[in-house]
Amino acid sequence: MDVEDQESPLDVGSDRCGLLSVHLGDEDSDDDAEGQEAFEDEEGALPPDLKWLEELYDDDHSDVDGDGDLAVAAVNGKKRRNAETARMFKLRRNLDQLDCFHRQKELDVLKARKELELCRQNIESLTEHRDDLEKEIERQREADNSVAVFRLRAQHKHLCQKLQNEEELEGHVNTGLKQQELLLSEVEVELGRFSSLRQEVQEEERVFKALRSQKAATRLQQERKASQNLQLKMQHLRDKQAVVLKMEEAECRKKVEEGRASRKIAAKYLKETIKRMHQQEAEKEQQNKELLEKRIQAVESLKSNIAATQESLRVQQSRAKANAQKKEQRQRQLRESLEAQGINSIKHMYHQKQREEIKRKQAEFEERQKSKRVEIVAKILQEEQLVKSRKRQQALLPKPSTGDKFPSLGRAREKLLRYLDPSSPPAAEERTTVQLRQFSDLSSSSSASSDVEDLEETVDQEVDHQSLADSLAEPEFSGLWEQNHKKLLSVKAPLVQTEVNQKAPTMTIPAKKVHGKELKGPPFISKPEVILFKDFEVGIMYKKKIVLTNISYVTNHCKLLGVSAKLKDFLSVNFEPPGSLSTGMSCVMQAVFKPVINEDLEGEVQFASAVGPFSVPVRCAIKRCDLEVDSQLVDFGSHVVGQAISWTITLTNKGALATVFSLDTSTHLSPETSHAQTAPKVSANTCQEKSSHNTTSEDQSSSVSMGTGELQPKQESQELSEASQQEHPESEASGSSPEVIPETCVSTDEHVQMDHSHSDSGDITLGNVREGEIGPFESLKLEVVFTPTIPGEAKLDFHIKFSDSTCKPIPIQVRGVAVSVPVSVVQPSVDLKICMFDRLYQDSIMVQSRASAALKLTFEVCPEMRRHMEILPKTGFVQAQSSFNAQLKFLPRSSLSRDAERLFDSDTGVLEVPVAVQVAGQVKPVHFTVQAVVTSSDLQFDRAEVDFGFCSVYQSVKSSVRLTNLSLLPQDFGFPGVPEFIEVQPNDGFGTLLPQETLEIDLIFRANKAKEYSFQISCKSGIDRDFPLSCRAAGVRPPLQLSHSLVQFGATALGDRSTAVLYLLGQPTGHNRSKQPLPPVVAPRLFSFAPPEDPDVSITPSAGGLLPGERRLVQVTFRPRLSDQDIKEEALRLLQRAKSPRVKEQERNRHAEQGTKTEVPVEAGQSSKASDGPKTDQLTESPDPADIQPWSEQYEEARNSLLHSFGPRYRECTVPCFVSDGGPPEDDRQAQPAWRPLNTLYLKLQCPAVQPPLVVVSNSGKNRVDFHQVAVGVKVIKRFTVQNISRETLDLRSSVLDVHGPFSLLNALRCLRPGDKHTLVLAFSPSLEKKYCETLEVCSQKMTLEMTLCGEGVVLAITSSHPGGLLDFGYVLKMESASHVLKLQNSSVVAVGFRVLLASLAPSRPQGGADSVAFLLGTYPNSQVQPTVGTQNYSGLSVFSAAPGEGSVAPGQSLDVVVTFQPDHSSVNYSDRLTVELVNKSEVCVVDLKGAASSHNMYLFGGDLLTVPIESLLPPLITSRPHLTESGLVEKPTIPVLVTLRASCSAGGVSPAVRELQVGCIRSTQPIKKSGEFHWDNMASLQQLGFSVEPSKGTVESGHKRTITVTWTPHSGYKPYEVVQTCLPLTLKGDETNVYRVTLMALVSTTAD
């Protein structure tokens, strides 16, 4: 509803005397001056409906480009015109208000008069009724009917009361009428005063309209010039496009020619290929025949072998039965002999089995002991070798930096690294070896191709896992690790990566950028990455399925280009282009490989995509031998003399070709053989073991490392540095490269091998298997036995030779050490890991004895450690071939750094304690080492006291402290027993601190009362240590209180809103117990909420006043929205992503154009460069986000992108509410009151925003449906579409619209699946002329989408140039037409739709001519009787037509409706009714159409009607026959015409009768006679009867009519009621001659008009 329109009459009516609130008058000069000043003051601010005036004046101001006084004068003139125009519009508005007020007063006077008349009528009726009652009372009194008299008296009394009331009401109404008439007269006087001012305003409006039309003409001229310039630019662009098109056609022709030539070449090679294929097929058939014969022979031999095998099985079964019988017989005999001797046979046999089982276990234990000794010896040898190599490489490694966090010696770092490094248990190594053996067995039983592919994938996964483990094996705190060790660990990764990169080639393609993201690698990946046909046979077809997956960031496609030239004759690809593929989609192709030659092939399958070309590698490998052993160095370790231990070497053939092997012992290995076999195999196994035994990895395949000890990292790095320094002194920078490491390892092995003799290798022997055949994918076990006889080192070097020339011999080195020490400590280094002070730690020490007798043991601890370490028992005995366990107790005290300064490093916390075990009868004691890292258990706060300051009792204060763990171990902590007014977060004050970690602890203080607080909280660690922290605070009570200090909004979708309601409470003054002084007078407390930082949050009210004890409602609304800046940045990003390929394409086109323009003259080239320069700059220039207009196409695209990709957003904001200390001072109420920081309240808002499940996808995403201006009574339908962009189904429902309002929802809502859309149909049908606005809520489970519906109802005002009534087309020649124009003028503010209806085309028109409409006889002068719908055309086409039949008239415009009359036969009864109807079913005008048609250009019109006006469409059944004249010519029939003349008789006299006939000539476009003639015959007989005709003859021009007047004057002897009749012919000559037989009938009538 328009509030301004409603209030304007009330404002006018409130002023009874002045009538208007502005200065209108020109009564005197003072009023004019005041009015002028008022207008000048309001010059700068025009009303909202006159904003277009400012644009008009701005245009006028922009046209003034002159300089000097002329420009200043022009500007002043514009300002004066601006003031005059504003004054004109204000005067017009005030005059309109005065007119409206005058009409209102007139209406009030009319209403008062009607009320007065109604009152008087009521008084008259009541008076009559009272008289009737009085008469009735008299009558009943005379009849002595007392009951009726009483009843009638009561009615009479009630009636008199009503009459009195009506008379009083009449007096009031009469008084009001007089007042209204007085006001009306005053208004009329005011109208008279301002009549001259009204004329002045009208003159100014006329001038203003002329000025607007002049400006419109100027703008039109400018627009025409701009359109001409645009056409010239478009023509220039079309010329350029034509040149580019010609170039493309030339390139296309060139490509077609190249294609023809390539097809010819391809046809040639195709013939050769087909010929070769036929030959291959013939050879294959021959091979199949030979193969079939071989199979037949094999089947026969298999039958014979089966028979022989069955026979041998029968023999073996019979032999086994015989042996079992013999064994049972021996046991029976033994049992009988024992029973005969009196011995219990069952017990004796049981003991015998037990002894055998013990012997077996003892043998197994001895074997394990021997293997462990061998491993220990091998480990010692490796340590010695690495120590030497580290010493040589020490000079190559960089020195440690001096700026270390813990400046200490390198020895402390070595110790810490050694003790912190976790050891790999033997069980894990055994599991790894078992898994590797199972894997090798499984791979040997699988097929060739699948085995190789699975093995490669397994190796890749292991390498990845190793690299991941190495990358994660980093300490959580820095400063205790040595850089040399990091460099050593980094050596292993390049080695593995080098081999993996050599075995797994990938598709290569340069990096590209797609949508602003860099695409590294190919746009498609293949699975498998390499098309591998391994171990193929010639003549057999192999097929492989490859899956291509799109990994680019855009929708892509792939096209097969072909295969490499080497593979064209052997490889074919079956690939159907899949079309466009989204990211992550895949397509399938099939590679068919049919080898013809037995050699390795390599190539690639080439593809093209939208991003660029890519290829898939193809490898084809023949069958070959691939032999390797699981270990080339067999180290038995240390074993006691007399024991025998065996070692199994696994020889594996990973190839598909069998070969014969043999073991050959030799004294020396050639360097070439050693290097060739060690480089590819040992680099990943043996060298890795020697260089980095401190790390454990799952991919180690060597079994030599099983059961061996660990090397210290410091010693390893030193040995490796020394070896590299000796071997490569000149290349320090390349010492860490992957290629150098294997050579270093090999050279080290050669050096060791050459230095020692092999004369003492008699203790190491080979097993029974020394030669044989190894099949494809098969493994063999080779046994090596070590039987030490004398203490010392034993060695044996041999190599494995093969019959295949491509396989080089594999060298094997066997080492073993024989020792004679009977007692040893199983774990020579006891690692207690990280320990804390004042905590007890225990471990077990196992001493193993290999002696044959019991020995006495004594454990000795160094004196400085006796207060901290103890071994129980101190003395013990170990039995023969057994072990002894002792208990180690370690309790480090705080004095450890003073007591054991030599053994303990206080900087790093490393402790290394040597312990000796004295063995009775043995001079050299057994030493072992106890290692530990001792650390503190302290927790430290960053400050000793926490001061919370002033805290409101309604709020909480948070303060953060930092808690640091000074220990090297994780520690649990907690804050138990905290007061109720303090809260510790996170996790309620409980958690775990990692080593050297610092955690921020939040202390939240909530004051219960207004007082001083001083307290202490305690942090307790997991080992029951307390760390106190002092706290203090001051509690205050503000004068106001918030009902809730925290508002947690739910997850609100974009476009939705969440509302929270809270209260602001005023506390009574007596409740304030704080120490702050109170104001002397109770005044309202003023509050003010600061504007929230988040623009999506609003608070209502934001400020106000509150008395003590009063409560005020505060509403907080959260409405998440997308900011314009984010949308513009997203639009800019989308533009840049879409622009990058287009810029490259335009750059290429520009270079091509420059190449074509080199042949053009220099002048033309320069001009073209000058014109192309700005365009290139415009293309490369990045757009500005400010240039993106809101609700543009780019803006809408960016908004939709953000909505679909919007993630959960969480924001928190704290809104302070400032509270005053009271009201303003009494002496100065305008001054600001005092504001205290202590009174400030804080409101915390948590605002989570989520992606909207429902969005509007139509109407540019706006949540507003504007119907604009709609005519009253017209229904306008608009639609808006919503889409479900969530992953759940939404059940939609809507709010109820006003049932009496103009808005309505026409369709029902339904469930929306993810991604579906639904269109809501809304209708707007206004009933009044005003503005409407309503809100429609579309609700779902997760959000409510609000749609604002608005529209304005306007009244249609359209007029017609024809007022309605009869529209006569006159006479028209048949088959010709006549037209008339109806002009429709639209004076309303909206476009008006209309349609033209004809009664003849109406579906409800009566059929068969039975029209019962009213005749038009008395409506129009000189009309004849005519129905609404008259005669129709024979052809079926409508006689009358209107164009256009329907349409729309723009606001303030007019439209012409052309009505056409087109008959196809002669008739005078053509008629129809035309109605112009608007869209709201209202009629503009109703026009009755009438016309006549003639077959000749001359016609006679007039006379009496001789036939009915309804004409049948059937031809007449009886036709008039022509008459023959005496001359034999055919005489045309005459046309009868009756003219009745009625003379009137009045006052004894007779007045003559007069009738008129019309003779006309039709204007025609046909080549006929343009004019016509007419004449009467037998004129003499007419005069005798009193008739006279004027004129008797004459001519009629084309398109004109002549009137013939017929007069009858009765003679003196005329008899009353006598009819005078005569007949005479009237001849009309035009294109043809027609004779009308006119019958004149006259009579005298007293009723004649």
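Being a predicted model, the structure only gives us computed values, none of them experimental.

The rules behind the values
- Residues numbered from 1 in each chain as written.
- Predicted model: local features only at pLDDT ≥ 70, side-chain atom pairs only at ≥ 80, totals over all residues.
- Heavy atoms only, no water.
- Helix = DSSP H or I, 4+ residues; strand = E, 2+ residues; numbered from the N terminus.
- Buried < 20%, exposed > 50% of the residue type's maximum accessible area, 1.4 Å probe, protein only.
- Contact = heavy atoms within 4.5 Å.
- Areas by Shrake-Rupley, 256 points an atom, 1.4 Å probe, with all protein chains shown as cover.
- Salt bridge = Lys/Arg side-chain N within 4 Å of Asp/Glu carboxyl O.
- Core = buried A, V, L, I, M, F, W, Y, C linked by side-chain atoms within 4.5 Å.
- Phe/Tyr/Trp six-rings, centres within 6.5 Å; stacked < 30°, edge-to-face > 60°.
- Polar contact = N/O pair within 3.5 Å; in protein donor to acceptor, adjacent residues only side chain to side chain.
- Expected span 1.5 Å × (residues − 1).
- Pairing = 2+ DSSP bridges.
- Axes fitted to C-alpha atoms, helices over the stretch in contact; angles between N-to-C directions.
- Arc of directions from axis to C-beta.
- Patch = residues over 30% accessible without salt bridge, like charges linked within 9 Å, V, L, I, M, F, W, Y side chains within 5 Å.
- Lys, Arg positive; Asp, Glu negative; His and termini not counted.
- Charge placed at Lys NZ, Arg CZ, Asp CG, Glu CD.
- pLDDT = per-residue confidence, 0-100.
- Parallel < 35°, antiparallel > 145°, perpendicular 65-115°, else oblique.
- Nonpolar A, V, L, I, M, F, W, Y, C, P; charged D, E, K, R; others polar.

**Side note on the overall build of the chain**
Argument step 1. Helices and strands together make up the secondary structure of the chain, namely 21 helices and 79 strands.
Argument step 2. For the chain, the proportion of its 1649 residues judged to be buried stands at 37%.
Argument step 3. Nonlocal contacts in the chain, meaning residues at least 24 apart in sequence, comprise 74% of its contacts between residues at least 6 apart.
Argument step 4. Total accessible area computed for the chain in this model is approximately 95100 Å², and 52% of it derives from carbon and sulfur atoms.

**Things to note about the pattern of salt bridges**
Argument step 1. Tallying each qualifying case throughout the model produces 41 salt bridges.
Argument step 2. One salt bridge connects Arg 1473 with Asp 1488, and the closest N-O pair in it is separated by 2.8 Å. One end of the pair, Arg 1473, is in strand β66 (residues 1467-1478); the other, Asp 1488, is in strand β67 (residues 1483-1494), with 15 residues separating them in the sequence.
Argument step 3. On the accessibility criterion, Asp 1488 (9% relative accessible area) is buried.
Argument step 4. Put simply, Arg 87, Glu 200 and Glu 204 are held in one network by salt bridges that share partners.

**Digging into the nonpolar core**
Argument step 1. Counting residues in hydrophobic clusters, the biggest one holds 64 residues, and the most contacted among them are Phe 948, Leu 1003, Phe 1005, Phe 1015 and Leu 1245.
Argument step 2. Of all the elements, strand β48 (residues 1241-1250) adds the most residues to this core, at five residues.
Argument step 3. For Leu 1003, the contacting residues outside a window of four places in its chain are Val 946, Phe 948, Val 957, Lys 958, Ser 959, Val 961, Glu 983, Val 984, Ile 1017, Leu 1029 and Cys 1031.
Argument step 4. Residues Val 1270, Leu 1290, Leu 1320 and Ala 1378 belong to the second largest nonpolar core, which totals 55 residues.

**Quick word on the packing of aromatic side chains**
Argument step 1. Under the defined criterion, the tally for this structure stands at 30 aromatic pairs.
Argument step 2. Ring plane angle 75 degrees and centroid distance 5.0 Å describe the contact between Phe 981 and Phe 1015, whose orientation is recorded as edge-to-face. Of the two residues, Phe 981 is situated in the loop between β33 (971-974) and β34 (982-985) and Phe 1015 in strand β37 (residues 1012-1021); the sequence distance between them amounts to 34 residues.
Argument step 3. Under the relative-accessibility criterion, Phe 981 is labelled buried at 15%.
Argument step 4. The class of Phe 1015 is buried, set by a relative accessible area of 12%.

**Some words on the side chain of Asn 965**
Argument step 1. With respect to the helices, strands and loops of the structure, Asn 965 is situated in strand β32 (residues 956-965).
Argument step 2. Reaching out from Asn 965, the side chain makes a polar contact with the backbone oxygen of Leu 994 at a distance of 3.1 Å.
Argument step 3. Beyond its immediate chain neighbours, meaning those up to four positions away, Asn 965 contacts Asp 938, Leu 939, Pro 970, Gln 971, Leu 993, Leu 994, Pro 995, Gln 996 and Glu 997.

**Brief notes about helix α7 (residues 345-393)**
Argument step 1. With 49 residues, α7 ought to run about 72 Å at 1.5 Å a step, and its terminal C-alpha atoms sit 72 Å apart, in line with that.
Argument step 2. Its side-chain oxygen placed 3.4 Å from the backbone nitrogen of Ile 346, Asn 344 serves as the N-cap of α7.

**Focus on the sheet that holds β32**
Argument step 1. The strand order across the open sheet built from four strands is β30-β32-β36-β34, with neighbouring strands paired in antiparallel fashion. A single partner strand is all that each edge strand has here, and the edge strands are β30 (939-941) and β34. The average undirected angle you get between the axes of adjacent strands in this sheet is 30 degrees.
Argument step 2. Sheet topology note: the β34/strand β36 (residues 998-1006) ladder contains four bridges and is antiparallel. Bridge assignment links Glu 983 to a residue of β36, and that residue is Ile 1004.

**Some remarks on helix α20 (residues 1193-1204)**
Argument step 1. The first and last C-alpha atoms of α20 sit 17 Å apart over 12 residues, in line with the 16 Å expected at 1.5 Å per residue.
Argument step 2. Every buried residue belonging to α20 is among Tyr 1195, Glu 1196, Ala 1198, Arg 1199, Leu 1202 and Leu 1203, and all of these are buried. Within α20, the buried residues cover an arc of 165 degrees as seen down the axis, which keeps them to one side.

**Some thoughts on a negative patch on the surface**
Argument step 1. Taken together, Glu 124, Glu 128, Asp 131, Asp 132 and Glu 134 make up a surface patch of like negative charges.
Argument step 2. Locating Asp 132 in the fold gives a position in helix α4 (residues 69-142).

**Looking at a positive patch on the surface**
Argument step 1. A cluster of basic residues, Lys 326, Lys 327, Arg 330 and Lys 353, forms a positive patch at the surface.
Argument step 2. If one sorts the elements of the positive patch by residue count, helix α6 (residues 195-341) sits on top with three residues.
Argument step 3. In this fold, Lys 326 is placed in helix α6.

**Some thoughts on the sheet that holds β66**
Argument step 1. Within the open sheet, the five strands sit side by side as β60-β67-β66-β62-β64. Their pairing is mixed. If you trace the sheet from one side to the other, it starts and ends with β60 (1365-1373) and β64 (1446-1449), each paired once. Recorded for the sheet is a direction-independent mean angle of 25 degrees between the axes of neighbouring strands.
Argument step 2. Here strand β62 (residues 1392-1398) pairs with β66 via five bridges, running antiparallel. For Leu 1397, the partnering residue across the bridge sits in β66 and is Thr 1475.

**With respect to the confidence of the model for the chain**
Argument step 1. Chain-level statistics for the chain give a pLDDT mean of 77 and a share of 74% at 70 or above.
Argument step 2. Here residues 1406-1425 is a poorly scored stretch, pLDDT under 50, and it has 23 contacts once near neighbours within four places are set aside; other chains count.
Argument step 3. Counted against residues more than four places away or in other chains, residues 1517-1521, with its pLDDT under 50, gives one contact.

**Some remarks on the packing of α6 against α7**
Argument step 1. Between α6 and α7, whose axes approach to 9 Å, the crossing angle comes to 120 degrees. When the interaxial angle is binned, α6 and α7 end up oblique. Only Ser 345, His 348 and Met 349 of α7 make contact with α6, whose side of the interface consists of Arg 335, Leu 338 and Glu 339.
Argument step 2. Split into classes, the residues belonging to the contact of α6 with α7 amount to two nonpolar, two polar and two charged.

**A closer look at the environment of Met 1347**
Argument step 1. Tracing the backbone through its elements, the reader meets Met 1347 in strand β58 (residues 1344-1354).
Argument step 2. For the pair Met 1347 and Asn 1263, spaced 84 residues apart in sequence, the C-alpha separation works out to 4.9 Å.
Argument step 3. Discounting chain neighbours no more than four positions away, the residues touching Met 1347 are Val 1256, Lys 1262, Asn 1263, Arg 1264, Val 1265, Phe 1280, Glu 1334, Thr 1335 and Leu 1336.

**Remarks on the packing of helix α5 (residues 146-193) against α6**
Argument step 1. Their axes nearest at 4 Å, the elements α5 and α6 cross at an angle of 50 degrees. One finds that α5 runs oblique with respect to α6. In contact with Leu 191, Gly 192 and Arg 193 of α5, α6 contributes Ser 195, Ser 196 and Arg 198.

**Digging into the pairing of strand β47 (residues 1209-1219)**
Taken residue by residue, a regular strand's side chains alternate between the two faces of the sheet.
Argument step 1. Relative to β47, strand β43 (residues 1085-1089) runs antiparallel, the two being bridged by three bridges. By the bridge assignment for β47, Phe 1089 is matched with Cys 1217.

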